[in-house]
Amino acid sequence: MGDTSAKSGNRAAYHHGDLRNALIDAATDLAREGGPEAVVLRAAARRVGVSPTAAYRHFAGQGDLLFAVKVCGQQYLAESMAVAGDLPPGASGADVEAAVMAMGRGYVSFALREPGLFRSAFCSTPDLAIEVNADGIPRPVAGAWQFRSFEMLVEVLDRLVACGRMPAHRRLGAEVSAWSMVHGLSVLLLDGPFALLPEDQREAAVDRALLTLLAGFTAP
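Computed from a predicted model, the values in this text were never measured in an experiment. (Residues numbered from 1 in each chain as written. Predicted model: local features only at pLDDT ≥ 70, side-chain atom pairs only at ≥ 80, totals over all residues. Heavy atoms only, no water.)

Looking now at the environment of L210. As for its position among the elements, L210 is in helix α10 (residues 199-218). Separated by 28 residues in the primary sequence, L210 and V182 place their C-alpha atoms 7.8 Å from one another. The residues contacting L210, other than those within four sequence positions of it, are M101, G104, R105, M181 and V182. (Helix = DSSP H or I, 4+ residues; strand = E, 2+ residues; numbered from the N terminus. Contact = heavy atoms within 4.5 Å.)

Let's shift gears to the nonpolar core. Formed by 59 residues in total, the largest nonpolar core has its most connected members in L23, V156, L157, L160 and F217. At nine residues, helix α6 (residues 93-113) tops the list of elements feeding residues into this core. Contact partners of L157, with chain neighbours within four places excluded, come to M166, R171, A174, E175 and F217. (Core = buried A, V, L, I, M, F, W, Y, C linked by side-chain atoms within 4.5 Å. Buried < 20%, exposed > 50% of the residue type's maximum accessible area, 1.4 Å probe, protein only.)

The end-to-end C-alpha distance of helix α2 (residues 19-34), which contains 16 residues, comes to 22 Å, matching closely the 22 Å that a straight helix rising 1.5 Å per residue would cover. Buried within α2 are the following residues: L19, L23, I24, A26, A27, T28, L30 and A31. (Expected span 1.5 Å × (residues − 1).)

Taking 1.5 Å per residue as the helical rise, helix α8 (residues 148-162) with its 15 residues ought to reach 21 Å, and the 21 Å between its terminal C-alpha atoms agrees with that figure. Listing the buried residues of α8 in full gives R148, S149, F150, E151, M152, L153, V154, V156, L157 and L160.

For the rest of this paragraph, the subject is the pattern of salt bridges. Here the structure, examined in full by the defined rule, presents eight salt bridges. The partner of E33 in a salt bridge is R47, with the nearest N and O atoms 2.6 Å apart. Separated by 14 residues along the polypeptide, E33 in helix α2 and R47 in helix α3 (residues 41-48) bring together distant segments of the chain. For E33, a relative accessible area of 55% translates into the label exposed. Where E175 meets R171, a salt bridge forms, and the shortest distance between an N and an O atom there is 2.5 Å. R171 carries the same exposure label as E175, and that label is buried. (Salt bridge = Lys/Arg side-chain N within 4 Å of Asp/Glu carboxyl O.)

Among the secondary structure elements, G73 is positioned in helix α5 (residues 62-85). We classify G73 as buried; its relative accessible area is 0%. Through-space distance from the C-alpha of G73 to that of S120 is 6.7 Å; in sequence the pair is 47 residues apart.

What follows is the structure in structure tokens.
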């Protein structure tokens, strides 16, 4: 971090317009190490090897940088969920149910694997990309990466109805119940009493919770 060649290389990258991304990468590493509280513009600039003045040319302040890290965290979370639960066109009802389970596991797995980044992905920042629809249900603004994980959940629940596994009357607000359960379980496993569970019991608890949720959604 402190050697001349590193600083020289980072300044060259800045010359080519890459300083913003370098700062986001550095801030993401800070978030991994210490959560959203660790995302400090001066600290990110120091890691990259540039002055705070140079960093302020790309970010208005701390909140602006934290928002970029939050979006990055959501991208990583979405990737964890997609790897676990990606659905091909024309998937069967059993495949959609398996995807719901796999996406839930991917969500919890990311939280346990990347606790600092997980907390940063859901920290409070200005301009939250959530709107309330006509039914009073919060939904992400279309195309917003800030809560891509929620948008993915909406999509898979819609497919659960479309394939005939979830009765249509249960669909309203199902994403709120599902997100609340999986996110709350993740927090309990990170910071609550469930953090004391051995790995096999933790995995069993996750599977039981997801199966219970799915059973409620798909009951006749």
